[in-house]
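Secondary and tertiary structure notes
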Amino acid sequence: MRELKVNVNALNELRQIAGLTRNALCEKAGISRVTFHAIEHKRAGTKAETRQRLAEALGVKRPDIEYWAGTPEAEAA
């Protein structure tokens, strides 16, 4: 099954371009540092709402920080 995930490399690059620390991005996006750490280390799936909040905090569109992971079910059959 395919799912949208956060592109951590893009997220960190855009964060640095914006001149934000991890803590500042968390505060601006309204997410906890624990949640951000889990995203960075790919320990948890990320809700669409969280991805949207991160994108807005960075001044980009959500697809700029997302990628498709997994195999489409149609291809697996």
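Before reading on, note that the structure itself is shown above.
The paragraphs below set out a description of the structure included in this document. (Residues numbered from 1 in each chain as written. Predicted model: local features only at pLDDT ≥ 70, side-chain atom pairs only at ≥ 80, totals over all residues. Heavy atoms only, no water.)

It is worth spelling out the packing of helix α1 (residues 8-17) against helix α3 (residues 33-40) at this point. Put simply, α1 and α3 touch, their axes get as near as 10 Å, and they point 125° apart. In terms of orientation, α1 lies oblique with respect to α3. Residue-level inspection shows V8, L11, N12 and R15 of α1 in contact with α3, the latter providing F36, I39 and E40. Broken down by class, the residue content of the contact of α1 with α3 amounts to four nonpolar, one polar and two charged. (Axes fitted to C-alpha atoms, helices over the stretch in contact; angles between N-to-C directions. Helix = DSSP H or I, 4+ residues; strand = E, 2+ residues; numbered from the N terminus. Parallel < 35°, antiparallel > 145°, perpendicular 65-115°, else oblique. Contact = heavy atoms within 4.5 Å. Nonpolar A, V, L, I, M, F, W, Y, C, P; charged D, E, K, R; others polar.)

Inspection of the secondary structure assignment puts R15 in helix α1. Buried charge without a salt bridge: R15, with E40 as the nearest opposite-charge side chain at an N-O distance of 5.1 Å. Apart from the residues within four sequence positions on either side, R15 is in contact with L20, T21, R22, L25, F36 and L58. (Buried < 20%, exposed > 50% of the residue type's maximum accessible area, 1.4 Å probe, protein only. Lys, Arg positive; Asp, Glu negative; His and termini not counted. Salt bridge = Lys/Arg side-chain N within 4 Å of Asp/Glu carboxyl O.)

Following the criterion strictly, the structure yields six salt bridges and no others. With its nearest N and O atoms 3.9 Å apart, the salt bridge here joins E3 to K5. Classification of K5 as partly exposed rests on a relative accessible area of 32%. Between E66 and R62 there is a salt bridge, with the nearest N and O atoms lying 2.7 Å from each other. On the basis of relative accessibility, which here comes to 14%, the residue E66 falls in the buried class. When salt bridges that share partners are traced, they join R22, R33 and E40 into one network.

A separate point is the packing of helix α2 (residues 22-29) against helix α4 (residues 48-58). α4 packs onto α2 with a crossing angle of 115° between their chain directions and a minimal axis gap of 8 Å. Viewed along their axes, α2 and α4 adopt a mutual orientation that is roughly perpendicular. Crossing geometry of α2 relative to α4 is assigned as right-handed. Residue-level contacts link L25, K28 and A29 of α2 to R53, L54, A57 and L58 of α4. Counted by class, the contact of α2 with α4 contains five nonpolar, no polar and two charged residues. (Left-handed = near helix turned anticlockwise from the far one by under 90°.)

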